[in-house]
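What follows is the residue order along each chain.
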Amino acid sequence: MPDPLVTDPVPTQGPAARTVPVTFDSAGTTLLGVLHLPPGPGRHPVVVLLHGFPGTERNFDLAQALRRAGYAALVFHYRGSWGMDGSWSWAHMLEDSARVVARLREPQATTAHALDPRRLAVIGHSAGGFAALMTAAADPGVAAVGSVLGFDFGTAAAACRSDPAVRAAYLDDWAGELLPLRGTSAPALVAEMEAAGDAWRLARLAPRLATRPVLLIGADRDTVTPAGIHHGPLVDAYLAHPVPGLEHHVFPTDHALSDHRVALARTVIAFLDRHLKDVAR
């Protein structure tokens, strides 16, 4: 098979590759997304890519690599982000992620875009990694899930409650990230996280993820979701439960995986190929 990182797909029978703007309704708000469809008649396995907070890195390079590897890949914006109507909140991010994943498995979407609803994966970055794991835990129809430098809101909430300096640091950091967002503030976001508390601790999801493949990626130069706080303890918890389908890595890079984008794509594609590519259609 040609290398999807460096080789465009060869011509094939059926529809050509396409890039399709799509919309989703979530709680009365219209969300905009871009669906990257591979060539061929399908039915295509599909990957929903969830960006983080505020979404500066939206992983379009990963979507393109996934398409070249034979996957349909969706990137979309949550409520209140990047020009979307509504207000941004962590709960809205979770609601929007769940709605989009469910919508892609409905007959109207699977027929229109030749998608295979039984081979749907969710991969998220940072806050999107948190949303990916939460979405998969609540939706057994998600066939595989990946969290890339995922932010553990439950762990962060506990740190805020126990250390005023940590809370002040989140308030300061998040206040600087609000330009692409609407309807929120740093105090509101910290308060929402603290109110959710342990309900948003990712280790608690192990029992609901134990029957599915799970990919966890951390980074040892990440100052946003330090691996020792957000990645290592989660790996330990999933190994201890256990989650038999767990795969985990730590890359020597920063929070945006700035110099490991190819390694990220290869790791995600290899993970999905092992668990989705050969599943009977």
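For the structure itself, consult the block above.
Residues numbered from 1 in each chain as written. Predicted model: local features only at pLDDT ≥ 70, side-chain atom pairs only at ≥ 80, totals over all residues. Heavy atoms only, no water.

**Considering the pattern of salt bridges**
Turning to step 1, where the next piece is worked out: If you walk through the whole model with that rule in mind, you get 16 salt bridges.
Turning to step 2, where the next piece is worked out: Residues glutamate 57 and arginine 261 are paired through a salt bridge, measuring 3.6 Å at the closest nitrogen-oxygen approach. Note that glutamate 57 is positioned in the loop between β3 (44–50) and α1 (60–68) and arginine 261 in helix α10 (residues 261–277), a separation of 204 residues in sequence.
Turning to step 3, where the next piece is worked out: Under the relative-accessibility criterion, glutamate 57 is labelled partly exposed at 27%.
Turning to step 4, where the next piece is worked out: Two residues, aspartate 116 and arginine 119, come together in a salt bridge whose shortest N-O distance is 2.9 Å. With respect to burial, aspartate 116 and arginine 119 carry one shared label: buried.
Turning to step 5, where the next piece is worked out: Within the structure, one salt-bridge network assembled from shared partners comprises Glu57, Asp61 and Arg261. (Salt bridge = Lys/Arg side-chain N within 4 Å of Asp/Glu carboxyl O. Helix = DSSP H or I, 4+ residues; strand = E, 2+ residues; numbered from the N terminus. Buried < 20%, exposed > 50% of the residue type's maximum accessible area, 1.4 Å probe, protein only.)

**Quick look at the packing of aromatic side chains**
Turning to step 1, where the next piece is worked out: Here the structure, examined in full by the defined rule, presents 15 aromatic pairs.
Turning to step 2, where the next piece is worked out: Plain terms: the ring middles of tyrosine 78 and tryptophan 88 are 5.6 Å apart, the flat faces sit at 80° to each other, and that makes the pair edge-to-face. Of the two residues, tyrosine 78 sits in the loop between β4 (72–76) and α2 (90–104) while tryptophan 88 sits in the loop between β4 and α2, which places them 10 residues apart along the sequence. Both residues of the pair, tyrosine 78 and tryptophan 88, belong to the buried class.
Turning to step 3, where the next piece is worked out: An aromatic cluster of at least three residues, connected via ring pairs, comprises Phe53, Phe76, Tyr78, Trp88, Trp90, Phe130, Phe151, Phe153, Tyr170, Trp174 and Trp200. (Phe/Tyr/Trp six-rings, centres within 6.5 Å; stacked < 30°, edge-to-face > 60°.)

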